[in-house]
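Examining the three-dimensional arrangement
Residue-level listing of the chains:
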Amino acid sequence: MKTKTSHPARTRLCALLLAVLLFGSLCACGKAAPKPSAAPAQAPARQLLPAMEQRRVLEENRALWAFPEGESYYDAWAYVFTDLDHNGQMEVLAASTQGTGVFTYAHFYEVLADGSGVRNLYHASVEIEGTDDWPEIIVDSLPCYYDRAADRYYYACQGVTRDGAAHQVLSWAALSLKDGVAEWEYLGREDLQWTDGGEGPIVTCTDAAGNPISEQDYDALVERRFAGMEKSEQKLNWTLIQPPLPEYIPEPEPVSTPEPVPTPAPTPEPTAAPVQSGPQVVVTKNPTSEALGVGEKTWFIAHASNALALTWEILDPQGNVYSLADAMSRHPGLKLEALEKDTLAVSNVPQSLNGWGARARFDGQGNTAYSDIATLYVGDYAGAYASVIQAYKTAYETGNRTAEYAFNNNISEYIVGSEQVGYGLKDLDKDGMPELVIADYGGAAGKIVFDLYTLYNGLPVQLAMSTARNRWFLRTDSLMYNEASGGAAYSYRSLYRKTGTELSGIRSAFTWPNDAGGVDYYLQEGTVSFEPLSGDTKLSETEFGAKVDELQGTFFLPTLTKIA
């Protein structure tokens, strides 16, 4: 189920309790927020994470695609982040080429559209050059051919394999990615055989069906197969991972062994503690994303324990990493300055920096750790939300901070107990556009989110509003936690995710009256319906309390700018 500012079940409950609930119940029901005329009935069908956030998801799932240390992959391996099918979902391609036989093994994963994880794109054995052997994919660039009619991209790769000093096979294959599966199309091969006398080689060429072809035909296989398609070059910026070589320990020289002489047992020496490589570096504070106008300035701050050095890195929307100097050269006028200890100063921000981000790299004796990527949203977002900000500003400046005024003007009744109010910006669904968060500026109301808005076609659309019996909180993972009540027997603790112009229910722990006059406790997964469903799980009171704690998580508010 999806919700905006009011719950359908709460409306029904309020109707049942109307005889006994006065103003408090009216607040619980809330007033349905008027929907802007320009807002659609449904959210856009598909919204993707910015490339930098997709890269973060790939890095978080490194254990799936990286070549494990200590396994049979002794040689170096490399990885690259890319988007070969141009569907907006980034992939990681990790590969290792092994030994004189030139066997290449690869892992291939893609970020899920909602950013919740990754999926394996490599579902079957390739068997182009040999069992489970890819062509040599670790190259600087690949020729790319686009079939516009089928909306499909092909990448021509040449493979090399050897089964001895006198025999080598070259082959052409085309890699493509469609509907979540990486596929290879075998085009043909060229066998090179040297004779015993070292002469040659004798060259034999065959097409994909095994039919003999000339060397000229083999050389033209790729261009003929993709004739008429749009051709380009796909750059691949591989990162090489070179495992350390094992330390050489020489064999001891043989020595004559004297006859043993009985001696007293020695006093055992205390066992020395194993030598540690150093304490692990752990990021304790991540920089936060910022939205600001052209020419403005901001600061990013990051902390880590056990770090010996901090280096700031700049990332473009495709996830490519730049030094501060390189980033400034790409954005004329931009000034980036690493200040003492923990701060990156960013000033004279140009429009071209929109969607770029910064992260901190902490190096220590034990490891290297990276902070989250803080994204810069360059644009007049405060101006886009100006009507909402002004509604709260008017209430405070005129002194009309009453529940009735709030109800009539579609702002949160939490203005009644709040002396100051502010706004902050936070991108909840990583679509490159921040949401507006209205909250108490002085902290009197804690971390309650008074109001939550997003933009659609440049206009603000309300996602949630807190009332006396319906309170909203923002978690550190950008999910929304809700506390709602429809009376003594109806208590709801629910978790939501922003999808388009609505909040979609993920999970709910709630109470429901039973025939004995008490309440039962339920856990509902995958939706928030405000009434028991057949698949719900019954909980004990203790389990219910534990589940509520889990749903709450850790509350968070973005940095607020004072409204009034």
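Residues numbered from 1 in each chain as written. Predicted model: local features only at pLDDT ≥ 70, side-chain atom pairs only at ≥ 80, totals over all residues. Heavy atoms only, no water.

**A look at the overall build of the protein**
Scanning the protein for helices and strands turns up 11 helices and 35 strands. Per-residue burial for the protein yields a buried fraction of 46% across its 564 residues. Long-range pairs, those at least 24 residues apart, make up 55% of the contacts in the protein between residues at least 6 apart in sequence. Accessible area for the protein stands at about 28500 Å²; split by element, carbon and sulfur atoms hold 52% of it. (Helix = DSSP H or I, 4+ residues; strand = E, 2+ residues; numbered from the N terminus. Buried < 20%, exposed > 50% of the residue type's maximum accessible area, 1.4 Å probe, protein only. Contact = heavy atoms within 4.5 Å. Areas by Shrake-Rupley, 256 points an atom, 1.4 Å probe, with all protein chains shown as cover.)

**Here's the deal with the pairing of strand β25 (residues 421-426)**
Of all the 6 residues making up β25, 6 are buried; the element is thus mostly covered by neighbouring parts of the structure. Burial along β25 is two-sided: V421, Y423 and L425 facing one way and G422, G424 and K426 facing the other are all buried. Sheet topology places β25 next to strand β26 (residues 435-440); 6 bridges connect them, and they run antiparallel. Within β26, the position partnered with L425 by the bridge is L436. The pairing of β25 with strand β35 (residues 561-562) spans 2 bridges and is antiparallel. Considered in β35, the bridge of Y423 is made with T561. (Pairing = 2+ DSSP bridges.)

**Observations concerning the sheet that holds β25**
Spatial strand order, β28-β27-β26-β25-β35: 5 strands in an open sheet with antiparallel pairing. This sheet does not close on itself; its edge strands, each paired only once, are β28 (459-465) and β35. Inspection of the sheet shows strand β27 (residues 449-456) paired to β28 by 6 bridges, in the antiparallel sense. Bridge pairing links L455 to P460 in β28. Against the sheet, helix α9 (residues 386-398) touches β25, β26, β27 and β28, its axis set at about 150 degrees to β27. (Axes fitted to C-alpha atoms, helices over the stretch in contact; angles between N-to-C directions.)

**Overview of the pattern of salt bridges**
As enumerated under the stated definition, the model contains 23 salt bridges in all. For R56, the salt bridge identified is with E53, shortest N-O distance 2.8 Å. In this pair, R56 and E53 both sit in helix α3 (residues 51-60), 3 residues apart, roughly one turn of the helix. Residue R225 is joined to E185 by a salt bridge in which the shortest nitrogen-to-oxygen separation is 2.7 Å. One end of the pair, R225, is in helix α6 (residues 221-225); the other, E185, is in strand β9 (residues 181-193), with 40 residues separating them in the sequence. Judged by relative accessible area, R225 falls into the partly exposed class, the value being 29%. Overlapping salt bridges, with partners in common, bring together R55, E59, E313, R359, R361 and D363 in one network. (Salt bridge = Lys/Arg side-chain N within 4 Å of Asp/Glu carboxyl O.)

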